[in-house]
Amino acid sequence: MPETSAGTLTTPAKPAKQKPGGTLYRGREGMWSWVLHRITGVAIFFFLLVHILDTALVRVSPEAYNAVIGTYQTPIMGLGEVALVGAIVFHAFNGLRIILVDFWSWATRHQKVLFWIVIALWVVTMLAFTPRHLINVFSH
Amino acid sequence: MTAIETSALKPADRPRRRGINLEKWGWIYMRASGVVLIVLIFGHLFMNLMVGDGVKAIDFGFVGGKWADPFWQWWDVLMLWLALIHGANGMRTIVNDYTNPGVVQKVLKGALFAAAAVLIILGTLVVFTFEPCPVGAPADLLPSFCAA
Ligand code: HEM
Ligand code: HEM
């Protein structure tokens, strides 16, 4: 039952090429949520590897730690932190969606709606986070 | 083997592998850890980026102040273990998806395992051996309670 109501994310330029028979998956919400979940998961993982090493500098000396954590406070890194938090918030909310879809039959039937709820929650969270964070980064 | 032959099991129930199913427990772990990680990571980000001056307030003294409280020590250690195992296990899934069984796959999985193990040990030691008032360090870099 391919329905088109929520297809904006992938709206093709030409009249929709017929999707391969029998799949509701490719190129639709299901695929985009999966791709994004994967990319954000990998990104967070590599950040975490570095982050544990930079935190470990507290065992070296106060000066060493402050020098490295100081780079977190520059404008460019400040923007990077917005991207990082954006990735985590998406991964977290979408992870919850995956869990609900796996364990709760209502959610299994309504996973597309849930995907748009994830997007909406992501927007709200980022609207709450970004201005405050950027003010911290760009002032003082 | 033998017991199964004598019982009248439905065909669907018959071909069971013995022992624990590690993939199934991995699947469960991803979900259980995910739920806890939301709380831990959102709390971490809120404390470190939103309260007060956010990132601008982070320095050695800030960490000293947080880890003076066992609550935040355990918060961080739990987050460390759960996130690294969750992340490394997720990366393992991805390696399985994009490589064929063989040497390359073994090396990649070995590297994931080694990285996670080393960082879990390192991170745990860092939290519990942390010295907030190292002798000889300039006092203005240290948490305020060092002066006392
Ligand atoms: C830009 C965002 C972040 C900043 C500024 C930041 C800052 C810090 C700071 C100052 C500490 C020292 C102790 C403490 O404050 O609790 C710390 C430790 C830690 N952070 Fe973050 N963090 C960030 C994002 C993250 C994320 C996204 C994760 C998880 C994926 C994470 C996981 C950890 C862990 C596990 C520790 C403990 C490390 C150890 O045991 O040695 N952090 N972080
Ligand atoms: C904030 C809370 C988090 C939640 C709710 C969450 C949830 C999930 C869920 C449900 C899965 C799917 C597992 C499956 O399909 O079997 C997953 C996969 C994954 N997660 Fe997380 N996660 C969180 C944090 C993290 C963190 C901190 C990292 C990195 C250190 C991470 C890295 C990954 C990776 C690499 C995958 C595999 C993606 C794939 O197979 O496509 N996640 N997560």
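Residues numbered from 1 in each chain as written. Chains lettered and ligands numbered in written order. Predicted model: local features only at pLDDT ≥ 70, side-chain atom pairs only at ≥ 80, totals over all residues. Heavy atoms only, no water.

### A look at the coordination of the iron atom of ligand 1
Here the iron atom of ligand 1 is held by His-51 of chain A (NE2) and His-44 of chain B (NE2), and the distances to it run 1.9 to 2.0 Å. Around the iron atom of ligand 1, the six donor atoms sit at angles spanning 84 to 179°, and that spread fits a shape best called octahedral. With His-51 of chain A in helix 1 (residues 29–56) and His-44 of chain B in helix 2 (residues 22–50), the pair connects residues from two separate chains. A residue is classified by how much of its surface remains accessible, and His-51 of chain A, at 19% relative accessible area, is buried. (Donors = N, O, S within 2.8 Å, 3.2 Å for Na, K, Ca; no water. Tetrahedral: all angles 85-135°; square planar, octahedral: opposite > 155°, others 65-115°. Helix = DSSP H or I, 4+ residues; strand = E, 2+ residues; numbered from the N terminus. Buried < 20%, exposed > 50% of the residue type's maximum accessible area, 1.4 Å probe, protein only.)

### A closer look at the site of ligand 2
Taken together, 23 residues lie around ligand 2, and His-37, Arg-38 and His-91 of chain A together with Arg-31 and His-86 of chain B are the ones closest in. Nearby residues place ligand 2 at the junction of chains A and B. At a separation of 2.6 Å, an oxygen atom of ligand 2 approaches a polar side-chain atom of Arg-38 of chain A. For the shell around ligand 2, the element with the most residues is helix 2 of chain B, which contributes seven residues. Class assignment for the residues of the shell around ligand 2 results in 12 nonpolar, nine polar and two charged. (Near = heavy atom within 4 Å. Polar contact = N/O pair within 3.5 Å; in protein donor to acceptor, adjacent residues only side chain to side chain. Nonpolar A, V, L, I, M, F, W, Y, C, P; charged D, E, K, R; others polar.)

### Here we look at the coordination of the iron atom of ligand 2
Angles between donor atoms at a metal ideally measure 109.5 degrees for a four-coordinate tetrahedral arrangement and either 90 or 180 degrees for a six-coordinate octahedral one. Bound to the iron atom of ligand 2 are the protein donor atoms His-91 of chain A (NE2) and His-86 of chain B (NE2), situated 2.0 Å from the metal. For the iron atom of ligand 2, the six donor atoms in the first shell make angles of 85 to 179° at the metal, a pattern classed as octahedral. One end of the pair, His-91 of chain A, is in helix 3 (residues 75–103); the other, His-86 of chain B, is in helix 4 (residues 70–98), on a second chain.

### Thoughts on the interface of chain B and chain A
Think of interface size as the accessible area that goes away when the parts come together; that is how it is often given. Listed by partner, the interface residues are 45 residues for chain B and 40 residues for chain A. Summing both sides of the interface, chain B and chain A together bury roughly 3,500 Å²; the carbon and sulfur share of this comes to 75%. When the area that chain B buries against chain A is broken down by residue, the three leading residues are Met-50, Val-55 and Lys-56 of chain B, summing to 18%. Inspection of the chain B/chain A interface yields two salt bridges. In this structure, the salt-bridge partner of Asp-102 of chain A is Arg-31 of chain B, at a minimum N-O distance of 2.7 Å. Residue assignment for the side of chain B that touches chain A shows that the elements contributing at least two residues are helix 2, helix 3 (60–67), helix 4 and helix 5 (103–129) of chain B. At 11 residues, helix 4 of chain B tops the list of elements feeding residues into the side of chain B that touches chain A. For the side of chain B that touches chain A, a count of residues per class yields 31 nonpolar, eight polar and six charged. (Contact = heavy atoms within 4.5 Å. Buried area = accessible area lost by both parts, 1.4 Å probe. Salt bridge = Lys/Arg side-chain N within 4 Å of Asp/Glu carboxyl O.)

### Notes on helix 3 of chain B
With respect to burial, helix 3 of chain B is a largely interior element, six of its eight residues being buried. The set of residues buried in helix 3 of chain B consists of Phe-60, Gly-61, Val-63, Gly-64, Lys-66 and Trp-67 of chain B. Where helix 3 of chain B is buried, its residues meet helix 1 and helix 2 (62–71) of chain A together with helix 2, helix 4 and helix 5 of chain B. N-cap assignment for helix 3 of chain B: the residue whose side-chain oxygen lies 3.1 Å from the backbone N of Gly-61 of chain B is Asp-59 of chain B.

### Regarding the site of ligand 1
Near ligand 1, the surroundings consist of 26 residues, among which His-51 and Ile-88 of chain A together with His-44, Lys-66 and Asp-76 of chain B are the closest. Neighbouring residues of ligand 1 are not confined to a single chain but are spread across chains A and B. Here a nitrogen atom of ligand 1 sits 2.8 Å away from a polar atom, N or O, in the side chain of His-44 of chain B. Elements with a minimum of two residues in the shell around ligand 1: helix 1 and helix 3 of chain A together with helix 2, helix 3, helix 4 and helix 5 of chain B. Here the shell around ligand 1 is composed, by residue class, of 18 nonpolar, five polar and three charged.

All we've got here are geometric facts, nothing functional implied.
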